[in-house]
Amino acid sequence: AQTVTQSQPEMSVQEAETVTLSCTYDTSESDYYLFWYKQPPSRQMILVIRQEAYKQQNATENRFSVNFQKAAKSFSLKISDSQLGDAAMYFCAETSYNTDKLIFGTGTRLQVFP
Amino acid sequence: GAVVSQHPSWVICKSGTSVKIECRSLDFQATTMFWYRQFPKQSLMLMATSNEGSKATYEQGVEKDKFLINHASLTLSTLTVTSAHPEDSSFYICSARLSGNRYGYTFGSGTRLTVV
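*Asks:* So, the overall build of chain A: which residues are in play, and what are the values?
*Replies:* On a plain count of helices and strands, chain A comes out with zero helices and twelve strands. Ordering the α and β elements of chain A from the N terminus gives β-β-β-β-β-β-β-β-β-β-β-β. Taken against the 2.2 N^0.38 rule, which gives 13 Å for 114 residues, the C-alpha radius of gyration of chain A at 14 Å falls within 12% of a compact globule. Over its C-alpha atoms, taken along the principal directions, chain A stretches across nearly 45 × 25 × 20 Å. Taking all 114 residues of chain A together, the buried fraction comes to 49%. Considering only residue pairs separated by 6 or more positions, chain A has 54% of its internal contacts joining residues 24 or more positions apart. In the structure as shown, chain A presents an accessible area of about 5600 Å², 46% of it carried by carbon and sulfur atoms. For chain A, the distance from the average position of its 10 positive side-chain charges to the average position of its 12 negative side-chain charges is 2 Å.

The following block contains the structure:
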């Protein structure tokens, strides 16, 4: 069964600082993808970053990067130079070729202070 | 870019009535669409997966007779909440996966359902 766990219900960071959100997952699949989504107060889901499991190199998108530890089944998100607009709920998610289901973690609420 | 339109954005209905929510891919074909339910300050719970032209696959614990899903075309999936009750009040979100793109998911803006 697919499970995604986010152990940090809430996190806070000072503007311009760096914050890391944690995520662990469990899957028996070998071909899978991991995602981080942002859900602002509008509740529109926005893709932040995506990682293919077969790629060893960690994905990076501007200020957002991941630390993908495949053996540990860990997939953390690092936000550098945090901005006020980064404040939102962040969800880690996983899908695989065989299951074709996008399963979400419980979410982490990120607050950014000026 | 890929856009998914979800309508209505909010709806209030009386207990015992049915409500239909539409999820439409505007500029791409979506072989597969997904329906999620999100309670306040909680995660998105997958309710069902719908494939165009076939019956939806429901997750364990989801009543298929209460939450009717139809995916009659490559651009439209509908979720009908039948005989709605206050406990069905929630935020419902659809997602469409681009045909041929195994991992490209696009989300609708969600529907807030309130049953009174």
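Still more to cover.
*Asks:* Report on the packing of aromatic side chains, specifying residues and quantitative values.
*Replies:* Each aromatic ring pair is summarised here by two numbers: the centre-to-centre distance and the angle between the ring planes. Enumeration over the complete set of coordinates arrives at 14 aromatic pairs over all chains. For the ring pair Tyr37(A) and Phe104(A), a centre distance of 5.7 Å and an interplane angle of 55° mean the geometry is tilted. Taken together, the positions of Tyr37(A) in strand β5 (residues 32-39) and Phe104(A) in strand β11 (residues 103-104) put the pair 67 residues apart, joining distant regions of the chain. Phe104(A) carries the same exposure label as Tyr37(A), and that label is buried. An aromatic cluster is present here, built from Tyr33(A), Phe35(A), Tyr37(A), Phe91(A), Phe104(A), Phe34(B), Tyr36(B), Tyr105(B) and Phe107(B) joined pairwise through their rings.

*Asks:* Describe the pairing of strand β2 (residues 10-13) of chain B, listing the residues and the values that go with them.
*Replies:* Residue and element names in this part refer to chain B. The alternating pattern of β2 places Val-11 and Cys-13 on a buried face and Trp-10 and Ile-12 on a face that is not buried. Taken together, the four bridges between β2 and strand β11 (residues 111-115) define a ladder with parallel strand orientation. Bridge pairing in β11 places Ile-12 opposite Thr-114.

*Asks:* Hey, could you go over the interface of chain B and chain A for me, with residue numbers and the actual values?
*Replies:* Many structure descriptions define interface size as the accessible area lost when the parts assemble. Across the contact, 22 residues belong to chain B and 21 residues belong to chain A. Overall, the association of chain B and chain A removes approximately 1900 Å² of surface from exposure, summing both partners, and the carbon and sulfur fraction of that is 51%. Together, Tyr103(B), Tyr105(B) and Phe107(B) form the three largest contributors to the area buried by chain B at its contact with chain A, with a combined 35%. On the surface where chain B and chain A come into contact, there are two salt bridges. Residues Arg97(B) and Asp100(A) are paired through a salt bridge, measuring 3.0 Å at the closest nitrogen-oxygen approach. Where chain B meets chain A, there are eight residue pairs in polar contact (both at pLDDT 80 or more). Put simply, the parts of the chain that give the side of chain B that touches chain A at least two residues each are β4 (30-38), β5 (44-51), β9 (90-98) and β10 (105-107) of chain B.

Thresholds, definitions, all that
- Residues numbered from 1 in each chain as written.
- Chains lettered and ligands numbered in written order.
- Predicted model: local features only at pLDDT ≥ 70, side-chain atom pairs only at ≥ 80, totals over all residues.
- Heavy atoms only, no water.
- Helix = DSSP H or I, 4+ residues; strand = E, 2+ residues; numbered from the N terminus.
- Rg over C-alpha atoms; globule rule 2.2 N^0.38 Å.
- Buried < 20%, exposed > 50% of the residue type's maximum accessible area, 1.4 Å probe, protein only.
- Contact = heavy atoms within 4.5 Å.
- Areas by Shrake-Rupley, 256 points an atom, 1.4 Å probe, with all protein chains shown as cover.
- Lys, Arg positive; Asp, Glu negative; His and termini not counted.
- Charge placed at Lys NZ, Arg CZ, Asp CG, Glu CD.
- Phe/Tyr/Trp six-rings, centres within 6.5 Å; stacked < 30°, edge-to-face > 60°.
- Pairing = 2+ DSSP bridges.
- Buried area = accessible area lost by both parts, 1.4 Å probe.
- Salt bridge = Lys/Arg side-chain N within 4 Å of Asp/Glu carboxyl O.
- Polar contact = N/O pair within 3.5 Å; in protein donor to acceptor, adjacent residues only side chain to side chain.

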